[in-house]
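Here is how the chains run, residue by residue.
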Amino acid sequence: MTGRILGISGPTVTVDLTGLKLYDMVRVGEAGLIGEVVRLERDRAVVQVYQDTRGLAVNEPARGMDAPLTVQLGPGLLSGMFDGLQRPLERIREESGPFISGGRELFPLDRDRSWRFIPAKREGEEVAPGEILGHVEEGPFRHPIFARHAGRLARLADGACTLGEALGAMADGREISAVESWPVRKARPYRKKLSPSAPLVTGQRVIDFLFPLARGGTAIFPGGFGTGKTILEQAIAKFVDVDLVVYVGCGERGNEMAELLEEFVSLADPWSGQPLMQRTIVVVNTSNMPVAAREASIYTAVTMAEYYRDMGFHVLLLADSISRWAEALREISSSLEEMPGEEGYPTYLSSRLAGFFERAGVVETLGGQIGSLSMILSVSPPGGDFTEPVTQACLRTAGAFYMLDTSLAHRRHFPAINWFQSYSLYEREMVGHFSERVAPGWGELHRRCRELLQREETLREVAEIVGVEGLQDADRLLMKVAERVRQEFLSQNAYTEDAFSPPEQTLERIAGIVELFDRAEARLKEGALLDEVLKES
Amino acid sequence: MRLSEHIYRTISSIRGPLLFADGILAVRIGEVVRIAYPDGTVSDGEVLKIDGGTVLIQVFGETRGLDLATPLVFTDAVKKAPLSAEIIGRVFNGSFLPLDGAPMFVPERWGPVTGMPLNPTARARPEEFIETGFSAIDGLNTLVKGQKLPIFSSAGLPAREMAAGILRNSRLAGGGEFAVVFVALGLTHHDYSFYMQVLAEMKSGFVAFINRAGEPVVERLLAPRFGLAVAEYLAFTRGMDVLVLVTDMTNYCDALREVSTAREELPGRRGYPGYMYSDLASIYERAGRIKGMAGSVTMLPVVTMPEDDITHPIPDLTGYITEGQIVLSRELHQREVFPPVDVLPSLSRLMQRGIGAGHTREDHRRVANLLYKHYAKGRDLRRLEAIVGRDGMIESDRLMLDFAEAFERELVNQGGARRDIDETLDTGIALLRRFSLETS
Ligand SMILES: Nc1ncnc2c1ncn2[C@@H]1O[C@H](COP(=O)(O)OP(=O)(O)O)[C@@H](O)[C@H]1O
Ligand SMILES: [Mg+2]
């Protein structure tokens, strides 16, 4: 299937190919740039091109690939760093220098690396799809290789193997490979979805204690620039209690990614002690990389995340920021001259987002194991205005909302999560869970902490009228204590030891402050003076 | 590939800075089109969009004076910038033509004007301190090599004097060869003379690209890219540390909006196009350092916030891309604080790595955190003061009010003097000590 380029507008190219399917891959131009069909007409197709179209000319060739955009799934994805099309960025750098010139085609996985395959089946055995044929050791993880077809095993490797060669063969002649391709826009199948029931411990007190998240759940944190979205995403990536993390740098800064890479290589996962990078996959399409690949990047990432979920792992997908994805969608939509919805975003923005969120969840895998995929996405609302379409579309589906507050950030209160506006739909269940697992007092302290902050707010309003001098001692005490809750409990400096707080420590801290408050209040009732009481504490 | 230039006289319409031409064969996106005006002058344009034989061209010069019979020369090449070490000391207009009377240099090579994205795995983390001489920056919002840190100003505030101060006073750690690339977009004659004088007095080398207020608007889209192509060359081929000063990005964005409107694109916030974020990123993200290479590109764009509004799309999108911002305050300016930097909304995201032992001074982080914390508290209390009055406040709160005032007067304010980092930190420590705050 070959044809010619008819027209070019930004990232979209019109070609005269026929017989294509929607979302088929197409190569355009002498340079063979990769694209995806986004619109079909009788005698032409419009292709969203993933690389810079500059220099592309009309009449240059176009060729249909007869397959949708896929990713390669197999051992060796962990600790990898890919662009939005799953191209291995380290190898691109080794082969073509520090700048990305486009057009380069590299297999995402290392074909020559030797793996040790430990078979679980033998030649002659009958296998069903989804059955484990054996596994390789990928870092600290046991990476199972599943049968994809039913039939009898004719041959199966044992010991050293590479991805470049077949792992074995079925009796009907079909080869067995440790690598599988999967179309990124299609969710991977599972047996059934379960409802989230276990907490996702992030190590951030304000989240774990006030607005806890569940494994398999979804959360967003919108905030203007400088409110701490990236630092929070990265802190969670470092400390979160899951097996694997997929981090998507979606349309953001290059220097941030350099920072993340450098830190992740040297840090250890606080839960397992293993090098952090070994449990991490990074997908990065910075703001200056092609915008159509940015649009694809979150799908590339979620497909890799699902792949590991299907092995029974708990996976967390972090994306910074989903707004940049939505803007990429808007740019493509506008070069297609589609009828715009709110603020120029296409009308399918919210259904696309909902479809993406839908790929999160706790599942019983085809192999009968339990795996989960959770998502935490940052949102960058223009002007810090939360009524904008992307924030609103996310709110309709996300299970937790952490509102990042510019005024907290300006006061250097980080994470700048506003404790009045934020919520988690998992709160009740997870608080119950922590009460059972960590300490029975968790729920009561949770209530007390909320109450303290609430009362502080009311008193602050009063103080604005009468002055702090005009408040009663008991109220001034409460304000002092609430200040400690904010400064010593809710805020966590990412650049210190305190960046990570396991649940026991979280509880201990809030218990200490509340206890102190109770004691001080009792002393006041006995007639002690506020200044004395404050000195004692 | 075509073998020669093609000439067409098929302009079908002229709309603002845009031309439409018909019946064009084998044209490329981004191809340079030479436009020969009836009066004999020549200007460049660039192909923005192709639909069959119909081509949309953006003209970098004036479209005034063009007619439909004007010949268009399709060059089969995308825009390239001439590069050479001889460029240092030269002044060009926004189309890269010499403005200083000297002949054009002989290029050693040609580089793509739009640049190519830097592979994130090739980036080296910016962490080498640049001492600007301003306490509000060096002490509290430290700038490092390879960073992009804009100055958010408002009409009537001395962003110009501040930028000039940074140019004059900056000292780089590790002292490699240092050069300034100055890009002026829509500069008034008054500002132009001011900056040219500053550049002339500088000891380090500079290259200037000047587009003045009366010159073609669309050229403003090109000039920063020329400047950055030169900066990348000086940094990563010649190993120099390059500081790129662009003023004013607000004029750049207005030019972008003008072209977008002429294209009848759907306007986004305040009429600016929906792709402005990606477009600005293609400029700002060119700052950086590369692993295993000497040299760096550091960017200091000046952004004038329309209506003093930091949520306006220009400062907003800029702040989303750059690694922090230095925000100037009208109130401080009125109180004759220079530089009038409001440190609360200001931020340097790369500060953490660039300070402390081996970079600035061991106590830098502690001093900065304390100053910041107490100043923020004092500023918070000003609101309360406005409501209940100073007398309604407790003693410790009154102390914080005084501290905030002293902080602005003594640390932020420094008039025309240059302070090195030791002086900045010592001033801060003295201030904390005076208010007995140095240990909390
Ligand atoms: N948890 C934190 N601890 C300390 N400083 C923080 C924290 N979160 C954010 N910051 C400060 O805020 C700045 C901006 O944070 P960042 O995550 O880059 O914001 P955003 O991504 O929302 O623009 C950081 O450079 C840092 O100085
Ligand atoms: Mg960020």
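Computed from a prediction, not measured in an experiment: that's the story for all the values here.

1. Topic: the nonpolar core
Phe-403 and Phe-407 of chain B are the most contacted members of the largest nonpolar core, which has 143 residues in total. In terms of residue count, the dominant contributor to this core is helix H10 (residues 364-388) of chain B (9 residues). In contact with Phe-407 of chain B, not counting residues within four places along its chain, are Leu-140, Val-343, Leu-371, Tyr-375, Val-412 and Leu-431 of chain B. Counting 78 residues, the second-largest nonpolar core is a separate cluster that includes Trp-115, Leu-167, Val-283 and Ile-332 of chain A.

2. A word on the site of ligand 1
Neighbouring ligand 1 are 15 residues; Gly-226, Lys-229, Thr-230 and Ile-231 of chain A together with Arg-349 of chain B lie closest to it. Among the chains of the assembly, those with residues near ligand 1 are chains A and B. Residue Gly-228 of chain A places a main-chain N or O atom 3.0 Å away from an oxygen atom belonging to ligand 1. Taking Arg-349 of chain B, its side chain carries an N or O atom lying 2.6 Å from an oxygen atom of ligand 1. Out of a free accessible area of 560 Å², ligand 1 has 91% covered by protein chains. Looking at the shell around ligand 1 element by element, the count peaks at 3 residues for helix H3 (residues 229-239) of chain A. Of the residues assigned to the shell around ligand 1, the class counts are 6 nonpolar, 7 polar and 2 charged.

3. Thoughts on the sheet that holds strand E14 (residues 151-153) of chain B
Residues and elements named next belong to chain B. In spatial order, the strands read E9-E17-E16-E18-E20-E14-E21-E22; together these 8 strands make up an open sheet with mixed pairing. Where the open sheet ends on each side, the last strands, each with one partner, are strand E9 (91-93) and strand E22 (347-348). Examined bridge by bridge, E9 and strand E17 (residues 205-212) share 3 bridges and lie parallel to one another. By the bridge assignment, Asn-93 is partnered in E17 with Ile-210. Together, strand E16 (178-187), strand E18 (241-247) and strand E20 (296-304) form the strand contacts of helix H5 (residues 249-262), whose direction differs from that of E20 by roughly 75°.

4. Considerations on helix H11 (residues 442-466) of chain A
With 25 residues, H11 of chain A ought to run about 36 Å at 1.5 Å a step, and its terminal C-alpha atoms sit 36 Å apart, in line with that. Within H11 of chain A, the full set of buried residues consists of Trp-442, Leu-445, His-446, Arg-448, Cys-449, Leu-452, Leu-453, Glu-456, Leu-459 and Ala-463 of chain A. Among the structural elements, helix H2 (205-210), helix H10 (427-437), helix H12 (473-490) and helix H13 (503-525) of chain A together with H10 of chain B are those in contact with the buried residues of H11 of chain A. After H11 of chain A finishes, the residue Gly-467 of chain A shows a positive phi value of roughly 85°.

5. Considerations on the interface of chain A and chain B
Interfaces are often described in size by the accessible area the parts lose on coming together. Listed as interface residues are 71 residues of chain A and, on the opposing side, 70 residues of chain B. Broken down residue by residue, the surface that chain A buries against chain B is led by Phe-225, Arg-253 and Asn-255 of chain A, which jointly contribute 14%. On the surface where chain A and chain B come into contact, there are 9 salt bridges. Where chain A packs against chain B, one counts 32 residue pairs in polar contact (both at pLDDT 80 or more).

Cut-offs used in this document
- Residues numbered from 1 in each chain as written.
- Chains lettered and ligands numbered in written order.
- Predicted model: local features only at pLDDT ≥ 70, side-chain atom pairs only at ≥ 80, totals over all residues.
- Heavy atoms only, no water.
- Core = buried A, V, L, I, M, F, W, Y, C linked by side-chain atoms within 4.5 Å.
- Buried < 20%, exposed > 50% of the residue type's maximum accessible area, 1.4 Å probe, protein only.
- Helix = DSSP H or I, 4+ residues; strand = E, 2+ residues; numbered from the N terminus.
- Contact = heavy atoms within 4.5 Å.
- Near = heavy atom within 4 Å.
- Polar contact = N/O pair within 3.5 Å; in protein donor to acceptor, adjacent residues only side chain to side chain.
- Areas by Shrake-Rupley, 256 points an atom, 1.4 Å probe, with all protein chains shown as cover.
- Nonpolar A, V, L, I, M, F, W, Y, C, P; charged D, E, K, R; others polar.
- Pairing = 2+ DSSP bridges.
- Axes fitted to C-alpha atoms, helices over the stretch in contact; angles between N-to-C directions.
- Expected span 1.5 Å × (residues − 1).
- Buried area = accessible area lost by both parts, 1.4 Å probe.
- Salt bridge = Lys/Arg side-chain N within 4 Å of Asp/Glu carboxyl O.

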